[in-house]
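Observations on chain architecture
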Amino acid sequence: MAFVGLKYCVFAPIATETPFTPIVYDTGVVLGRMIGANITFNRNSEPLYADDGMAESDNSITGGTISLNLDDVEEAAQVTAFGLLKTGEPGSEVYSEVGAPAPYGGIGYVRVRRLRGVTSYVAYWLHQVQLAVNTDNASTKGQSITWQTPTADGTILAAYPNADKKAYYRDRAVFDTEAEAYAWVDEKAGIGA
């Protein structure tokens, strides 16, 4: 697949999760404009040897990691996605990083695909992720600007949102228009039109 773009990252915290039924998400938020997204799935890799050779192999997914590079993440989105604690009156709020774990939630985004001169939009939804900003690097402005953008890293966990009792990690759907892809992600995240 030939991809030429990446857009629209949303996060929706999990409201209720009951095994083998659809996950219910609270209203999602746009995390920021996307610069990059790297996903690595962990897979079973233990082969079975028999008669002095490999007889069986298993490459099923056991979890994964995601790294999102965004242009910025507004404070309200940080409260929702990273579990920051907000205190204070409007105009004088304080956002605190605390020892509590970040919430679990779903993440959606859209990739732009071009194949044989035809552009389509591939929307993705990760069912259960826990995000965090693990590093916060800063540098002074010198003779030229060096853009400093946040990277959010997360753990991808198994979800069991269907009666088939299989572990699900990511859904994707292909659309002819960008608006249709955004609408699919918004529906997953509970973001109203």
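Below: a short report on this structure. Here the structure is a predicted model, which is why all the values come from computation and not from measurement. Residue positions are counted from 1 within each chain, in the order its sequence is given. Only residues with pLDDT of at least 70 get local features here, since the model is predicted, and only at 80 or more are side-chain atom pairs given and counted; chain-wide, interface and lining totals rely on the full set of residues. With hydrogens and water set aside, each side-chain value is computed from the structure's full complement of heavy atoms.

What follows covers the overall build of the protein chain. Helix and strand assignments follow DSSP, with helices taken as H or I runs no shorter than four residues and strands as E runs no shorter than two, numbered in order from the N terminus. A count of helices and strands for the protein chain gives two helices and 13 strands. Oriented by its inertia axes, the alpha-carbon framework of the protein chain measures out at about 70 × 45 × 40 Å. Burial classification: accessible surface area is computed with a 1.4 Å probe over protein chains only, and a residue below 20% of its type maximum counts as buried, one above 50% as exposed, and the rest as partly exposed. Looking at the protein chain residue by residue over its 193 residues, the buried ones come to 30%. The long-range fraction of contacts in the protein chain, counting pairs at least 24 apart against all pairs at least 6 apart in sequence, stands at 65%. Any two residues having at least one pair of non-hydrogen atoms within 4.5 Å are treated as being in contact.

Before going further, it helps to examine the packing of aromatic side chains. Ring pairs are drawn from Phe, Tyr and Trp, using the six-membered ring of Trp, whenever the two centres fall within 6.5 Å, and their geometry is named by plane angle: stacked under 30 degrees, edge-to-face over 60, tilted for the rest. If you walk through the whole model with that rule in mind, you get six aromatic pairs. With a centroid separation of 5.3 Å and an interplanar angle of 85°, the aromatic rings of Tyr25 and Trp125 are classed as edge-to-face. Of the two residues, Tyr25 sits in strand E2 (residues 24-25) while Trp125 sits in strand E11 (residues 118-132), which places them 100 residues apart along the sequence. Where Phe41 meets Tyr169, the ring centres are 6.4 Å apart and the plane angle is 70°; that geometry is what we call edge-to-face. Taken as a pair, Phe41 in strand E4 (residues 34-43) and Tyr169 in the loop between strand E12 (151-156) and strand E13 (170-175) lie far apart in primary sequence, 128 residues in all.

Next up on the list: the environment of Ser60. By the element assignment, Ser60 lies in the loop between strand E6 (53-56) and strand E7 (61-70). Once the C-alpha coordinates of Ser60 and Val29 are considered, the two residues, 31 residues apart in sequence, prove to be 31 Å apart. Excluding its chain neighbours within four sequence positions, the residues that come into contact with Ser60 are Asn42, Arg43 and Asn44. Polar contact is the term for a pair of N or O atoms within 3.5 Å; when the atoms are in protein, one must be able to donate a hydrogen and the other to accept it, and sequence-neighboring residues count only if both atoms are side-chain atoms. Within the structure, the side chain of Ser60 is placed 2.7 Å from the side chain of Asn44, a separation counted as a polar contact.

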